[in-house]
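The primary structure of each chain is shown beneath.
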Amino acid sequence: MKAAIILIAIAAACTVSLSAQWPKYVEPGLPRDNQGQVRMDAASPRTPDGKPDLTGDWVRADRDPRPAELAGITTEQGRGSRAVVVEPQVQGFAADPNSPPLATFWDIGTNLPGGLVLTPWADDLKKKRMAIDSRENPDANCLPMGITQFHMQPQPRKIVQTPNLIVILYEANYGTRYIYTDGRKLPPQGEPQPWWYGYSVGRWEGDTLVVETNNLRGAESGPSDGWLDVRGTPYSDQATFVERFRRPVFGKLEINVTVTDPKSFAKPFTVRINQRLLADEEPIEAVCNENQQFRVRIKID
Amino acid sequence: MIGAVLALLVMAAPVLAHHSFAAEFDASKPLKLTGTVKKLEWTNPHTWFFVEVKGEDGKVTTWGFEMGSPNGLMRAGWTRNSMKVGDLVTVEASRAKDGSNNANAKTVTLVNTGQTLFAASSQPEAGR
């Protein structure tokens, strides 16, 4: 109980101090209750043309099981105030019975029934990546970290929706992703050259934004290419992604991600990532490379 | 009360692992040192600070401590003025794997005020 009280105190302190450290911006036009809090359960906003509007600042709302790699770091709650608070405190959502298995940041297939079945090529590559403690993870190297790591990274992201283009601006590693919604088609796989973010086109199916992505730099391109998660579950240059975005209520974004990559996986798989609106707060500039010494310190450069 | 506690535990955020903690640090090598802050690097992707620690033999050793990103620290209640050069601090950390005088800080306590700040590091919060 003592530890719990301390946790509460920490959370309270963080809430107070956050408003003191970054200019508080009270966004106009949001649905609010009598206390001025944004009503997360209010109806989703719509654009003038009637489409759901995904615009907003979002943080991941799901939790990972504690990864085995960090099992040596013991909880010290029993002895007092040693909780380490990281990143925004995010309230989760009630379980959704219609949801695909939740993706996890450390190992994307953890919650898939029977686990994610990798091909021998992908399984071998993942083992090699884990054997060197995921040091080539693009996240660790200030590089674009791939669609799923970007969706789950604890730092917030801003979605800006216009009629013909949706942009996702990630605080993490200062990432920028373009999703074209002007009716264009995907280019053939292999044309143009592959990109870190691939080539993404989106269309609306009712209230669901369906985004297809191909022409991604797969794991063949380099050691930090083709990462789905921290452990390095790979994707190849054959991979295609389909993401289905829904905003069922004002404060929730649901993203169902289907990965199809016959070189890496026995069959396509689909996982869910939930995000919560980060009301009245914003992503903050984070220029990752300003003092990146990681590779020097661990002597791989 | 119990309800409030559960809510907070559920709210605990996922771990920010900017770089692989395990590639550089060893969670089984905890460290607790007190010394004087000599240098601060309030930079991405991780902040660093350097502390001079006087040993029992009078010898002074410099230790480098990694913390979270400036944004992570700000969200955990820091400002870039929370800890200044010359401050006496007690740091709890995990040592670097390579045996160097580097470590990943978990908490920093300002000795003069007793205030403890959490390092928003790439280590997980407790109790998960």
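Residues numbered from 1 in each chain as written. Chains lettered and ligands numbered in written order. Predicted model: local features only at pLDDT ≥ 70, side-chain atom pairs only at ≥ 80, totals over all residues. Heavy atoms only, no water.

Peer 1: Help me out: how do you make sense of the overall build of chain A in this one?
Peer 2: Within chain A, the secondary structure is distributed over four helices and nine strands. Scored against the burial criterion, the 301 residues of chain A give a buried share of 51%. Of the contacts formed within chain A by residues at least 6 apart in sequence, a portion of 62% connects residues at least 24 apart. For chain A, the accessible surface area stands at approximately 13400 Å², while carbon and sulfur atoms represent 55% of it. (Helix = DSSP H or I, 4+ residues; strand = E, 2+ residues; numbered from the N terminus. Buried < 20%, exposed > 50% of the residue type's maximum accessible area, 1.4 Å probe, protein only. Contact = heavy atoms within 4.5 Å. Areas by Shrake-Rupley, 256 points an atom, 1.4 Å probe, with all protein chains shown as cover.)

Peer 1: What is the right way to look at the state of the cysteines in this model?
Peer 2: Should the sulfur atoms of two cysteines be covalently bonded, the bond is a disulfide. All names here are of chain A. Tallied over the full model, the rule gives one disulfide over all chains. Paired through a disulfide, Cys142 and Cys288 show a sulfur-sulfur distance of 2.0 Å. Across the S-S bond of Cys142 and Cys288 the torsion is about -65°, and the bridge reads as left-handed. In this pair, Cys142 sits in the loop between α2 (120-131) and α3 (147-152) while Cys288 sits in the loop between β9 (269-277) and α4 (294-297), placing the two residues 146 residues apart along the sequence. In this pair, the class of Cys142 matches that of Cys288, namely buried. (Disulfide = S-S within 2.5 Å.)

Peer 1: How should I be thinking about unusual backbone geometry in this particular structure?
Peer 2: The general pattern is negative phi for most residues beyond glycine and trans for most peptide bonds. Along the chain, Asn44(B) connects to Pro45(B) via a cis peptide bond; the corresponding omega equals -5°. Within the element layout of this structure, Pro45(B) appears in the loop between β1 (25-41) and β2 (48-54). The phi torsion at Tyr174(A) lies on the positive side, around 55°, for a residue other than glycine. Its location among the elements puts Tyr174(A) in the loop between β3 (165-170) and β4 (176-180).

Peer 1: So what exactly am I meant to see when it comes to the confidence of the model for chain B here?
Peer 2: Caution applies to low-pLDDT regions: their predicted coordinates should not be interpreted in detail. All names here are of chain B. Per-residue pLDDT for chain B averages 80, and the proportion of residues at 70 or more is 77%. Scored below 50 in pLDDT, residues 1-17 makes 48 contacts in the model with residues more than four places away or belonging to other chains. For the stretch residues 123-128, pLDDT sits under 50, and the model shows 34 contacts to residues farther than four places along the chain or on other chains. (pLDDT = per-residue confidence, 0-100.)

Peer 1: What should I look at first to understand the pattern of salt bridges in this one?
Peer 2: Side chains that differ in sign of charge can pair as their charged atoms come close. Per the stated rule, a full pass over the model turns up 28 salt bridges over all chains. Arg272(A) is paired through a salt bridge with Asp96(A); the nearest N and O atoms lie 3.3 Å apart. In this pair, Arg272(A) is assigned in strand β9 and Asp96(A) in the loop between β1 (56-60) and α2, connecting sequence segments 176 residues apart. The exposure class of Arg272(A) is buried, given its relative accessible area of 3%. Residues Lys299(A) and Asp98(B) are paired through a salt bridge, measuring 3.6 Å at the closest nitrogen-oxygen approach. Of this pair, Lys299(A) sits in the segment after α4 while Asp98(B) sits in the loop between β4 (88-96) and β5 (102-110), which puts the two residues in different chains. Its relative accessible area of 63% is what places Lys299(A) among the exposed residues. Sharing partners across several salt bridges, the network here consists of Asp96(A), Arg246(A), Lys252(A), Glu254(A) and Arg272(A). (Salt bridge = Lys/Arg side-chain N within 4 Å of Asp/Glu carboxyl O.)

Peer 1: Quick question: what am I supposed to make of the environment of Gln275(A) here?
Peer 2: Residues and elements named next belong to chain A. Considering the arrangement of structural elements, one finds Gln275 in strand β9. Under the relative-accessibility criterion, Gln275 is labelled buried at 1%. A sequence separation of 25 residues divides Gln275 from Phe250, and the C-alpha atoms of the two residues are 11 Å apart. Setting aside anything within four residues of it in sequence, one finds Gln275 in contact with Trp58, Val59, Arg60, Ala61, Phe93, His151, Arg157, Gly251, Lys252, Leu253 and Ile255.

Peer 1: Mind showing me how you'd approach the nonpolar core here?
Peer 2: Most often, soluble globular proteins keep nonpolar side chains buried together rather than apart. Formed by 44 residues in total, the largest nonpolar core has its most connected members in Ile108(A), Leu228(A), Phe241(A) and Phe269(A). If you list the elements that add at least two residues to this core, you get α3, β3, β6 (208-214), β7 (240-249), β8 (252-260) and β9 of chain A. Residues within four places of Leu228(A) in sequence aside, it is in contact with Ile108(A), Thr148(A), Gln149(A), Thr233(A), Pro234(A), Tyr235(A), Phe241(A), Val259(A), Phe265(A) and Phe269(A). In terms of nonpolar packing, the next biggest core, distinct from the first, is built from 22 residues, Leu31(B), Val51(B), Trp78(B) and Val91(B) among them. (Core = buried A, V, L, I, M, F, W, Y, C linked by side-chain atoms within 4.5 Å.)

Peer 1: Teacher, can you tell me more about the packing of aromatic side chains here?
Peer 2: Residue and element names in this part refer to chain A. The full count for this structure, using the stated rule, is eight aromatic pairs over all chains. Summarising the aromatic geometry, the rings of Phe265 and Phe269 are spaced 5.1 Å apart at their centres and angled 80° between planes, so their arrangement reads as edge-to-face. Taken as a pair, Phe265 and Phe269 share a single burial class, namely buried. An aromatic cluster of three or more residues is present, and its members are Phe150, Tyr170 and Tyr197. The lysine or arginine in question, Lys252, covers the ring of Phe93, its NZ or CZ lying 5.0 Å from the ring centre. (Phe/Tyr/Trp six-rings, centres within 6.5 Å; stacked < 30°, edge-to-face > 60°. Lys NZ or Arg CZ within 6 Å of the ring centre and 35° of its normal.)

Peer 1: I'm lost on the pairing of β9(A) in this one. Help?
Peer 2: In summary, the side chains of a regular strand alternate between the two faces of the sheet. Residues and elements named next belong to chain A. Taking burial as the measure, the nine residues of β9 include eight buried ones, the bulk of the element. Relative to β9, β1 runs antiparallel, the two sharing three bridges. Each bridged residue has a counterpart across the sheet, and for Arg60 the counterpart in β9 is Gln275. The sheet contact formed by β8 and β9 spans eight bridges and is antiparallel. Across the sheet, Val259 pairs through a bridge with Phe269, a residue of β9. (Pairing = 2+ DSSP bridges.)

Peer 1: Please explain the environment of Gln155(A) as it appears in this structure.
Peer 2: With respect to the helices and strands, Gln155(A) occurs in the loop between α3 and β2 (157-161). Within the local environment of Gln155(A), its side chain forms a polar contact with the side chain of Glu171(A), the two groups lying 2.9 Å apart. (Polar contact = N/O pair within 3.5 Å; in protein donor to acceptor, adjacent residues only side chain to side chain.)

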